[in-house]
Amino acid sequence: MRFKGEMWSSFVVFSLFWISICGQYLPKITYLHVVSEIDYRFSKTIVTSKMVNQKPFATEAKFDIDLPNEAFITAFKLTVNGRDYHGDVKEREIARRQFEAAKARGETAGHIISRPRNTNSFQVQVNVEALGEVKFELVYRELLKRTKGYYNHIIYLNPGQLVEDFLITVMITESRTVTYVKIPPLQKGLLAEGPLGDNELAQVEFLSKTQVLVTYQPTLQQQAALSDGGVSGQFIVQYDVERFNDAGEILVMDGWIVHYFAPEGLPPIPMDIILVFDKSGSMLGRKMSQLQAALIKILDDTKDIDRIMLLSFSHTVHSWNRGLVAADRNNKEAAKQYIREQMAFGGKY
C-alpha cells in the first residue's frame, strides 16, 4: 500500500490492532483512540494514534501489528502537518524502495509489510521527520462469531509506553435485546484458566435494551500500575442477545446478507476428537509447554458424550490408547497425565 502524494508507502492485507515500538529513541505517542461500532454483530473499528518526534533529527519507529483472522482493512490514512495521505496498494519491493528514498531525505514516510509465515501479523515502519508530528488512522471491519455462548470483540493493545490520552469506546447496537455483556481483565495469552473476573477500569452502560456503550479510559497512573510499558494485552468485549427456538435472523446491510442462527435449548452433538501433536526436537522448550497447555485446555472443554484419542509423533507415531474412548473424568485425567509426561526429542519434522 502506498499513500498518495509520494509521502507514504506500504504493503498490507490485514485486520485489528497491536502496537509495539522498537528502537533506542522512541517518538512520543500523545494519544491512542480506538472506536468500535458493532451493528448487528458486524463491527467497524477506527484506530487513531498520534506520534510526535521531539528530537531535532529524523527518527524511525517500528510497530508490530497483530490482527484477527476474520477482520479486513477498509481504509488507512496518514496525516502530516494537517494534510491527509490515503493508502494505495503497491508491489512490495517498489513500496520498500520509495520508503527508503523518503527516509534518506529525512521526510516523514511509512511502510507496512506482512511478516513471514503470519497471515495476520504485520510490521509498520515509520520515519518521522525532525520535530514532526504524524497521525495514523486505521479502519477495519469484522463479522463477529459466537463461541461458547457469546460474541467476542477483541482489540490488541501494547503501545510500549504510557499514553496521556488513551481511550477505547465500543458501541453495541442490536436488533434483539442484549442479554449479556462482560469485560474480562486484559488477557496476555491465548489461554485463560478458570473464571476471568472483570476489568474494573471498564465501564458498561445500557442505553436501551438493544444498545450498550463500553468505555475504557485508564489514567497514566492506572496504566503504570498495569506494567512499565502501560496497557498491554487483549481488550475483550463479550456479549450475547436474546434467543428463541426459531430460524434466527436474516439481516441485509450495504448489499450484504447475513443469516444468524443459534437457537437455545438444542442438545449438544457428540463429537469424536482425535488430537495429533508433534513432540519431535523442533518442539523443545517453550513450544512444548504451550502445546501441552493447549491440549489440556481442549480436553477440559470436552463433554462426557464425546470420545477422545491422542496421537503423537517424532521419528515414529505413538498412540495413548488403541482407539477412541469416552471423554469421562477418568479417561480425561489419564489423557492429561500422558500429555504432561511427553518430552520433545529426536529430529525436527
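Residues numbered from 1 in each chain as written. Predicted model: local features only at pLDDT ≥ 70, side-chain atom pairs only at ≥ 80, totals over all residues. Heavy atoms only, no water.

Undergrad: Please explain the overall build of the chain as it appears in this structure.
TA: The helix and strand inventory of the chain stands at 4 helices and 24 strands. Per-residue burial for the chain yields a buried fraction of 44% across its 349 residues. Once local pairs closer than 6 in sequence are excluded, the contacts in the chain between residues at least 24 apart make up 73%. On the chain, roughly 18,400 Å² of surface is accessible, and the fraction owed to carbon and sulfur atoms is 53%. (Helix = DSSP H or I, 4+ residues; strand = E, 2+ residues; numbered from the N terminus. Buried < 20%, exposed > 50% of the residue type's maximum accessible area, 1.4 Å probe, protein only. Contact = heavy atoms within 4.5 Å. Areas by Shrake-Rupley, 256 points an atom, 1.4 Å probe, with all protein chains shown as cover.)

Undergrad: Would you explain the side chain of Ser232 in this entry?
TA: Along the chain, the position of Ser232 falls in the loop between α2 (220-226) and β18 (233-241). Judged by relative accessible area, which is 17%, Ser232 ranks as buried. Those residues within four positions of Ser232 in sequence are excluded, and the remaining contacts are Leu157, Asn158, Leu186 and Lys188.

Undergrad: Help me understand unusual backbone geometry, please; the structure alone is not making it clear to me.
TA: Most peptide bonds are trans, and most residues other than glycine sit at a negative phi. We note that Arg41 has phi near 70°; this positive angle belongs to a residue other than glycine. With respect to the element layout, Arg41 can be found in the loop between β4 (28-39) and β5 (42-52). A residue is classified by how much of its surface remains accessible, and Arg41, at 0% relative accessible area, is buried. Its identity as a non-glycine residue notwithstanding, Lys148 has a phi of 55°, on the positive side. The residue Lys148 is located in the loop between β12 (146-147) and β13 (150-157) in this model.

Undergrad: Could you clarify how one ought to interpret the packing of helix α3 (residues 286-300) against helix α4 (residues 329-341) in this entry?
TA: A pair of packed helices is characterised by two quantities: the angle between their axes and the separation of those axes. Axis separation between α3 and α4 bottoms out at 10 Å; the angle between their running directions is 175°. Looking at the two axes, α3 sits roughly antiparallel to α4. Contacts between α3 and α4 involve Gln292, Leu295, Ile296, Leu299 and Asp300 from the first element and Lys332, Ala335, Lys336, Ile339 and Arg340 from the second. Here the residues of the contact of α3 with α4 sort into 5 nonpolar, 1 polar and 4 charged. (Axes fitted to C-alpha atoms, helices over the stretch in contact; angles between N-to-C directions. Parallel < 35°, antiparallel > 145°, perpendicular 65-115°, else oblique. Nonpolar A, V, L, I, M, F, W, Y, C, P; charged D, E, K, R; others polar.)

Undergrad: How do you make sense of the nonpolar core when you look at a structure like this?
TA: Generally speaking, nonpolar side chains in soluble globular proteins are found buried as a group. With 40 residues, the main nonpolar core has Ile168, Phe235 and Tyr239 as its most contacted residues. Once you skip the residues sitting within four places of it in the chain, Tyr239 turns out to touch Ile38, Arg41, Leu144, Tyr150, Tyr151, Ile172, Glu174, Val178, Tyr180 and Val181. If you look at the next biggest cluster of nonpolar residues, it comprises 17 residues, including Leu291, Leu295, Ile308 and Tyr338. (Core = buried A, V, L, I, M, F, W, Y, C linked by side-chain atoms within 4.5 Å.)

Undergrad: What should I look at first to understand the pairing of strand β17 (residues 211-216) in this one?
TA: Side chains on a regular strand alternate between the two faces of the sheet. Judged by which residues are buried, β17 turns out to be one-sided: Val212, Val214 and Tyr216 face inward and are buried, whereas Gln211, Leu213 and Thr215, on the alternate face, are not. As paired elements, strand β14 (residues 165-173) and β17 share 6 bridges and run antiparallel to each other. For Ile168, the partnering residue across the bridge sits in β17 and is Tyr216. Sheet analysis places strand β16 (residues 202-208) next to β17, joined by 6 bridges and oriented antiparallel. Paired with Val204 across the two strands is Val214, which belongs to β17. With antiparallel pairing between neighbouring strands as the criterion, β16 and β17 make up a hairpin whose turn holds 2 residues. (Pairing = 2+ DSSP bridges.)

Undergrad: Would you take a moment to explain the pairing of β5 for this structure?
TA: Sheet topology note: the β4/β5 ladder contains 11 bridges and is antiparallel. If you follow Asp39 over to β5, its bridge partner there is Phe42. A loop of 2 residues connects β4 with β5, the two strands running antiparallel in sequence, and Tyr40 in this loop sits at a positive phi of about 55°. When β5 meets strand β11 (residues 133-143), the two strands line up antiparallel, connected through 11 bridges. In the sheet register, Val47 faces β11, and the bridge partner there is Leu138.

Undergrad: Quick question: what am I supposed to make of the environment of Ile38 here?
TA: By the element assignment, Ile38 lies in strand β4. Along the chain, Ile38 and Val170 lie 132 residues apart, while their C-alpha atoms are 7.3 Å from each other.

Undergrad: In this structure, what is going on with the side chain of Asp306? I would like to understand it.
TA: Along the chain, Asp306 falls in the loop between α3 and β22 (307-313). Buried and unpaired, Asp306 has no salt bridge, with Lys303 as the nearest side chain of opposite charge at 5.5 Å. Polar contacts involving the side chain of Asp306 include one to the main-chain amide nitrogen of Met271, which spans 2.9 Å. Residues within four places of Asp306 in sequence aside, it is in contact with Ile269, Pro270, Met271, Ile273, Val325, Ala326 and Ala327. (Lys, Arg positive; Asp, Glu negative; His and termini not counted. Salt bridge = Lys/Arg side-chain N within 4 Å of Asp/Glu carboxyl O. Polar contact = N/O pair within 3.5 Å; in protein donor to acceptor, adjacent residues only side chain to side chain.)

Everything listed here is a matter of coordinates, which is why it stays silent on function.
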